[in-house]
Amino acid sequence: MGKVTEVVVLPDSVNILRRVLTLAMLIVLVAVPCFIFYIDEYPLQFSRLSGQRDPSDSAPLNIEQVKLERVLKSASMKDKTVILTTLNEAWAAPNSILDLFLESFKIGEDTKHLLNHLVISCLGQKAYERCLEIHPYCYALKAEGVDFSKEAYFGSPEYVKMVWSKIDYQKSVLELGYNFVFTDADIMWFRDPFTRFYEDNDFQVSCDRYELKNSYDLNNQPNSGFEYVKSNNRTIQFYKFWYNSRLRYTNSNDQSVLAVIINDPFIREIRLTIRFLNTLYFGGFCEPSKDFNKVCTMHANCCFGAESKLHDLGLLLDDWRNYTTSSPSDKRAWNGKWRGAQECSRSTKIIHGHEGKKD
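Reference entry: report on the structure contained in this document. Because the structure is predicted, anything quoted here is derived from the model rather than measured. Position numbers for residues count from 1 along each chain, tracking the sequence in the order it is written. Per-residue local features are limited, in this predicted model, to residues with pLDDT of at least 70; the limit for side-chain atom pairs, both in listing and counting, is 80 or more; totals at the level of whole chains, interfaces and linings are taken over all residues. To obtain the side-chain values, all non-hydrogen atoms of the structure were used and water was disregarded.

**Section: the nonpolar core**
Alright, step 1. Grouping buried Ala, Val, Leu, Ile, Met, Phe, Trp, Tyr and Cys residues that are joined through side-chain atoms within 4.5 Å yields what is termed a nonpolar core. Partly exposed residues are those whose accessible area sits between 20% and 50% of the maximum for their type, while under 20% is buried and over 50% is exposed, using a 1.4 Å probe and protein chains only. By size, the foremost hydrophobic cluster in this structure holds 47 residues, and its most contacted members are F101 and W189.
Alright, step 2. Breaking this core down by element, the ones donating at least two residues are strand 1 (81-88), helix 3 (89-92), helix 4 (97-107), strand 2 (118-123), helix 5 (125-134), strand 5 (187-189), strand 7 (222-229) and helix 10 (306-324).
Alright, step 3. Once residues within four sequence positions are removed from consideration, F101 is found in contact with T85, L118, T183, D184, A185, I187, M188 and W189.
Alright, step 4. One finds L84, Y239, L258 and I262 within the second-largest nonpolar core, a separate group that totals 44 residues. Put simply, DSSP H or I for four residues or longer makes a helix, DSSP E for two residues or longer makes a strand, and each gets a number counted from the N terminus. For this analysis, residues touch if any pair of their heavy atoms sits within 4.5 Å.

**Examining the pattern of salt bridges**
Alright, step 1. When a carboxyl oxygen of Asp or Glu lies within 4 Å of a side-chain nitrogen of Lys or Arg, that pair is called a salt bridge. Per the counting criterion, the structure on display carries 12 salt bridges.
Alright, step 2. Put simply, K67 and E64 hold a salt bridge, and the shortest N to O gap is 3.8 Å. In this pair, K67 and E64 both sit in helix 2 (residues 63-75), three residues apart, roughly one turn of the helix.
Alright, step 3. Taking the relative accessible area as the measure of exposure, E64 reaches 26% and is therefore partly exposed.
Alright, step 4. By sharing partners, the salt bridges in this structure join D168, K171, E175 and K240 into a single network.

**Things to note about the packing of aromatic side chains**
Alright, step 1. Only Phe, Tyr and Trp rings are paired, with Trp represented by its six-membered ring, and only when their centres lie within 6.5 Å; those with planes under 30 degrees apart are stacked, over 60 edge-to-face, the remainder tilted. Per the stated rule, a full pass over the model turns up 26 aromatic pairs.
Alright, step 2. Seen in terms of ring centroids, F226 and F282 are 5.3 Å apart; in terms of plane orientation they differ by 35°. Their pairing is tilted. Separated by 56 residues along the polypeptide, F226 in strand 7 and F282 in strand 9 (residues 282-284) bring together distant segments of the chain.
Alright, step 3. The interplanar angle of 40° and the centroid separation of 5.1 Å between the aromatic rings of W320 and Y323 together place this pair among those described as tilted. With a gap of three residues between them, W320 and Y323 both fall in helix 10, about one helical turn apart.
Alright, step 4. Residue class for Y323 comes out buried when judged on its relative accessible area of 2%.
Alright, step 5. Each member of the aromatic cluster is reached from another via a ring pair, and the members are F101, F105, W189, F194, F197, F226, Y228 and F282.
Alright, step 6. A ring is considered to have a charge above it if a Lys NZ or an Arg CZ atom is located within 6 Å of its centre and within 35 degrees of its normal. When the ring centre of Y243 is taken as origin, the NZ or CZ atom of R246, which lies over that ring, is 3.8 Å away.

**Considerations on unusual backbone geometry**
Alright, step 1. Even without glycine at this site, K213 takes up a positive phi of about 55°.
Alright, step 2. As for its position among the elements, K213 is in the loop between strand 6 (203-207) and strand 7.
Alright, step 3. Look at K213 and you get exposed, because its relative accessible area is 62%.
Alright, step 4. Despite not being glycine, N251 has its phi angle at roughly 70°, a positive value.
Alright, step 5. Along the polypeptide, N251 turns up in the loop between helix 7 (233-244) and helix 8 (254-261).
Alright, step 6. Judged by relative accessible area, which is 71%, N251 ranks as exposed.

**Quick look at the sheet that holds strand 3 (residues 138-141)**
Alright, step 1. A pair of strands is treated as paired once DSSP finds two or more bridges between them. Taken together, the seven strands give an open sheet; going across it, the order is 3-2-1-4-7-6-8, and neighbouring strands pair in mixed fashion. Each end of this open sheet is capped by a strand with a single partner; those strands are strand 3 and strand 8 (274-276). Averaged over all adjacent pairs, the angle separating strand axes in this sheet is 30°, with direction ignored.
Alright, step 2. For helices, the axis comes from a line fit to the C-alpha atoms of the stretch in contact; other axes are also lines fit to C-alpha atoms, and the angle between any two N-to-C directions lies between 0 and 180 degrees. Against the sheet, helix 8 engages strand 6 and strand 7, with an angle of about 75° to strand 7.

**Re the environment of A185**
Alright, step 1. Residue position: A185 is located in the loop between strand 4 (179-183) and strand 5.
Alright, step 2. According to the relative accessible area criterion, A185 is buried, its value standing at 0%.
Alright, step 3. For the pair A185 and L102, spaced 83 residues apart in the sequence, the C-alpha separation amounts to 8.7 Å.
Alright, step 4. For A185, the contacting residues outside a window of four places in its chain are T85, L87, W91, I97 and F101.

Below, the structure is given as structure tokens:
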């Protein structure tokens, strides 16, 4: 018969084994609940879909990301917030909408310093060259298949391509860890808007009309021309979802798609917080702010064509100058109305077929 080998476990070894097993069980009891809690709070944190740059990630940025991050870093506020606008050659030419846009910062109340944090993203080489002549922070934004030398009319294929490139660009800014206020260049800045933003919200957006009088109501109609967005996992997931939705809603622009997807179950899944901005502070030609003493921005929305916008935005600036040169008592009692939306009202009627043919 073969020999039986006996394994002798020394008392010290038994004690060590017991201690190791006890410690392992304690780690499991503590770590697992923490892990479950974290997953519950950030359900998509471990998804590889987000693309948010991990500081420990050794993968280098590509050339375009390096260029973008360099501009963002130069223009950033202390909390890594930047102001973004995007325009093409038609809006960037001399004596164009860009000039009125920059002028509004210079004559607004406590807005001139915000130009130090404005990044102008340019579609097309000529727009980029003009930006470099008049502003320190310019970025050449790439978008394939679009002729940037001409005006991209609302609803045209060129317009649709251009606005979706804007959403992809904004996503890149969030992935680099920067918060942003995005503003269309046809928005005049009259006061610092940061005093009117809501605290602790991921995504804040203007609306054409604030008829529901409730900043939480998702039935408000968003206007993607003005947004305040915090960089975090939720907003990055949201922007990926928004950008990818262009494939589901073909030939639709970013704004019309946004109005649909904010009610998607995915928004609840990622726990994105959305607020709509009151037109009392963030008005436009669709619904003008009714109080010069409170208005922060005015948008040439509900308007078609660069010439119409240029004319009526000039009227807005004149109205603002009349207000700001008045005495303090006159300002408090000010009941003037905006003269804007003259040419814009006409262009809107023509677009929607409410005006007959002209001989």
